[in-house]
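Observations on the three-dimensional arrangement
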Amino acid sequence: MVDVTNVSKAYKEVKVVDDVSVHIKKGTITSFIGANGAGKSTLLSMVSRLIPKDEGSVLLDGEEITSYDNKELAKRLSVLKQSNNIKVRITVRELVSFGRFPYSQGKLKKEDEKLINEAIEYMQLEDFEDRFLDELSGGQKQRAYIAMVIAQDTDYILLDEPLNNLDMKHSKQIMKALRRMVDDLGKTVVIVIHDINFASCYSNHIVALKDGKCVYEGHPEEMITNNVLREVYDMEFNVCNIDGNRICVFFT
Amino acid sequence: MGYNKKLIILLSLSVASILLFVFWDVGGQWDYVLPRRLEKVAAITMTGAAIAASTVIFQTITNNRILTPSLIGFDSLYVLLQTAIVFLLGGGTLVMMNNHFHFLLSVGLMVVFALLLFLFIFKREGKNIYFLLLVGIILGTFFSSISEFLQVLIDPNEFLVVQDKMFASFNNANTELLLVGGILLLAATLYLFRYTKYLDVISLGEEEAVNLGVNYDAVVKRLLGVIAVYVSVATALVGPITFLGLIVANVSHEVFRTYRHKYLIPGAIFVSIFSLLLGQWFVEHVFTFSTTISVIVNFVGGIYFIYLLVKENDVW
């Protein structure tokens, strides 16, 4: 589990994340939702030690995340940010292979190759595993990055807008894959997500941020309601129950 | 064509250029010509290798293909340090003092400067390569102007004495420092080997590297230290050549089109040795010393630099 306690981050005078505490249970999907600039990505970056936090603590299985050994932490927690602009010329397979770096330190063994193949299959990338990344569409790239994180084979997987650039088919495919990883392999997934209907259908826990503060958190049933969403997003929603899922209608 | 095959071709070209440089038109004066040429070849080879390797590493750290250590003023800083030492300690003592001591002192100061650079520029949040480039070019010009100013202030007689020793050029390589420079290069390279496996990961970007368990700050600091040693040795042996690194690192990227540093770095080194020696051969035998190789390199490299800036290439 991950215990986030009273973390804050300010850039100059502006508090981007303000005294947020979140408890992330093992074997669940937790979604961070909120408007643009609410502090979701910053919170995720602090939880994954990509940026230093000003205050508070992030405990991963009881130990402060910044006191972990880098290599050991990379075997337990992986993170994928939304702004991926890798500039090197690299094929999909080579990128996925980098996911094994914490284990192999650059020298791939047999079991590394096996996990790389599995990750490529998982994301259905077999057809273009030897293509260069800069020749791919945005969605294919996104799937390649996720495959890399899968190859990293960590207990905790943190993803910043994993559905960015993806069409409906691939969005669903990725959410299903994440769900499977949680249900079958016992992974813990934390995502920043804009599509609240995906958050509603696939997560166990939803954390709503507004202006850097955690305003609501809870089970999707408690969270996906007209009142909560109105307050989080400052707009009107119409939550319907369709086939047992809570779906928000807000398009018109 | 496979990576290894390309590497072998580049290696053969650089060996061929070494042979051409050493054995062309010796004219029977073997015992006079050969040792001098060998010293020169050693100096140029070491310089070429150091500049190529340092530039490839630097570009990987900064994640771009426009910045080079000399473009942000590393080699002008070395010249400034040398000048300042002469200015402060005086030429008279310098003649007495050990040349190697000056060299090592400057190298040490260079490493310190590299770490300061890391603290002040790399650790700023939201680093921007154009900002770095701008700061670097201004600093570089600033360093060379200060050096010139100090050189004017030094007693002309003293300056003449030390000039020869301290400020090298391709036609007048500082062969006295060959041995100690070589040892430093070797030591820095052995140190670098422990970190080469991280270079490929770092080329993916800082966040990816951290995600994959690289202690990013510590590794980058050490790599900058190695770069500082490389640049110092290269500048001490033959003086600054601004655009060489830019050309050879980019040629290596174009030839290999990969992220793998085990090909990129040797590739850049071979291209560098080949082009420097061939260039110097042209200067000596075709232009008969009417120009210097620095002029040629900077002419070609400057045009290439403008091309890169205009193209604003973000695809490696």
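Residues numbered from 1 in each chain as written. Chains lettered and ligands numbered in written order. Predicted model: local features only at pLDDT ≥ 70, side-chain atom pairs only at ≥ 80, totals over all residues.

**As for the overall build of chain B**
Each helix and strand counted, chain B has 14 helices and zero strands in total. Tracing chain B from N to C terminus, the helices and strands come up as α-α-α-α-α-α-α-α-α-α-α-α-α-α. With the C-alpha coordinates aligned to their principal axes, the bounding extent of chain B is approximately 55 × 45 × 35 Å. Residue burial in chain B is summarised as follows: out of 316 residues, 45% are buried. Pairs at least 24 apart in sequence give 82% of the contacts found in chain B among residues at least 6 apart. (Helix = DSSP H or I, 4+ residues; strand = E, 2+ residues; numbered from the N terminus. Buried ≥ 20, exposed ≤ 12 C-beta atoms within 10 Å, placed from the backbone. Contact = placed C-beta atoms within 7 Å.)

**Concerning the overall build of chain A**
A tally of regular secondary structure across chain A gives 10 helices and 12 strands. Here chain A has a C-alpha radius of gyration of 18 Å; the compact-globule value for 252 residues is 18 Å, and the two agree. Taking the principal axes of its C-alpha atoms as reference, chain A extends roughly 50 × 40 × 35 Å. Looking at chain A residue by residue over its 252 residues, the buried ones come to 42%. Within chain A, counting contacts between residues at least 6 apart in sequence, those at least 24 apart form 65% of the total. (Rg over C-alpha atoms; globule rule 2.2 N^0.38 Å.)

**Observations concerning the interface of chain A and chain B**
Each partner contributes residues to the interface: chain A has 19 residues there, and chain B has 20 residues. Contributions of two or more residues to the side of chain A that touches chain B are made by α2 (70–76), β6 (77–80) and α4 (101–104) of chain A. A per-element tally of the side of chain A that touches chain B places α2 of chain A first, with four residues. Classifying every residue of the side of chain A that touches chain B gives 10 nonpolar, four polar and five charged. (Nonpolar A, V, L, I, M, F, W, Y, C, P; charged D, E, K, R; others polar.)

**Some thoughts on the sheet that holds strand β2 (residues 14–24) of chain A**
Working definition: the strands of a sheet are paired by backbone hydrogen bonds and lie parallel or antiparallel to each other. Residue and element names in this part refer to chain A. Spatially, β2-β1-β4-β5 is the arrangement adopted by the four strands of the open sheet, whose pairing is antiparallel. Looking at strand neighbours, the two that pair on one side only are β2 and β5 (63–64), the edges of this open sheet. With two bridges connecting them, strand β4 (residues 55–60) and β5 associate as antiparallel partners. For L59, the partnering residue across the bridge sits in β5 and is E64. (Pairing = 2+ DSSP bridges.)

**Description of the pairing of strand β1 (residues 2–11) of chain A**
All names here are of chain A. Taken together, the seven bridges between β1 and β2 define a ladder with antiparallel strand orientation. Residue pairing for β2: K9 is matched across the bridge by V17. Taking the residues that link successive antiparallel strands as the turn, the β1-β2 hairpin has two residues, and the phi of K12 there is positive, at about 50°.

**Focus: the sheet that holds strand β10 (residues 213–218) of chain A**
Residues and elements named next belong to chain A. Judged by pairing direction, the sheet is mixed, and its six strands sit side by side in the order β6-β7-β8-β3-β9-β10 without closing on themselves. Either end of the sheet is taken by a strand with one partner, and the two such strands are β6 and β10. For this sheet, the mean angle separating the axes of adjacent strands, direction not counted, is 15°. By the bridge criterion, four bridges tie strand β3 (residues 29–33) to strand β9 (residues 205–210) in an arrangement that is parallel. Across the sheet, F32 pairs through a bridge with V207, a residue of β9. (Axes fitted to C-alpha atoms, helices over the stretch in contact; angles between N-to-C directions.)

**Looking at the packing of helix α5 (residues 110–122) of chain A against helix α6 (residues 138–152) of chain A**
For any two helices packed against each other, the geometry comes down to the angle between their axes and how far apart the axes lie. Residue and element names in this part refer to chain A. Where α5 contacts α6, the two axes come as close as 8 Å, and the packing angle between them is 140°. On the basis of their axis angle, the class for α5 and α6 is oblique. Once α5 is placed against α6, the crossing between them reads as right-handed. Across from L115, I116, A119, I120 and Y122 in α5, the residues of α6 making contact are A147, I150 and A151. In terms of residue class, the contact of α5 with α6 is made up of eight nonpolar, no polar and no charged. (Parallel < 35°, antiparallel > 145°, perpendicular 65-115°, else oblique. Left-handed = near helix turned anticlockwise from the far one by under 90°.)

**Describing the confidence of the model for chain A**
Across chain A, the average pLDDT comes to 88, with 99% of residues at 70 or higher. At the level of individual helices and strands, chain A shows its lowest average pLDDT in α6 of chain A, which scores 87, and its highest in strand β8 (residues 188–192) of chain A, which scores 93. (pLDDT = per-residue confidence, 0-100.)

**Some words on the environment of D184 of chain A**
Checked against the element boundaries, D184 of chain A lands in helix α7 (residues 168–185). Between the C-alpha atom of D184 of chain A and that of N36 of chain A, which follows or precedes it by 148 residues, the distance is 33 Å.

**Structural notes on α6 of chain A**
Two residues of an α-helix separated by three or four positions point the same way, owing to the 3.6 residues in each turn. All names here are of chain A. The end-to-end C-alpha distance of α6, which contains 15 residues, comes to 22 Å, matching closely the 21 Å that a straight helix rising 1.5 Å per residue would cover. The buried count for α6 comes to 12 of 15 residues, which makes it a mostly enclosed element. Listed in full, the buried residues belonging to α6 are Q140, Q142, R143, A144, Y145, I146, A147, M148, V149, I150, A151 and Q152. Looking at the packing, one finds that the buried side of α6 touches β6, α3 (92–98), α4, α5, β7 (156–160) and α7. Note on α6: the residue one or two positions beyond its end, D153, has a positive phi of about 55°. (Expected span 1.5 Å × (residues − 1).)

**Description of the packing of helix α8 (residues 178–193) of chain B against helix α11 (residues 216–238) of chain B**
Residue and element names in this part refer to chain B. Packing of α8 against α11 leaves a shortest axis separation of 10 Å and a crossing angle of 160°. With respect to α11, the axis of α8 lies roughly antiparallel. Taken as a pair, α8 and α11 cross one another with a handedness that is left-handed. Residues G181, L184, L185, A188, Y191 and L192 of α8 touch α11, and the partners they reach there are V226, V229, Y230, V233, A236 and L237. Looking at the contact of α8 with α11 residue by residue, the class counts come to 11 nonpolar, one polar and no charged.

**Notes on the environment of T258 of chain B**
Note that T258 of chain B resides in the loop between α12 (244–256) and α13 (261–286). Separated by 119 residues in the primary sequence, T258 of chain B and L139 of chain B have C-alpha atoms spaced 32 Å apart. Every residue in contact with T258 of chain B, bar those within four places of it in the chain, is listed here: R89 of chain A together with Y3, Y263 and L264 of chain B.

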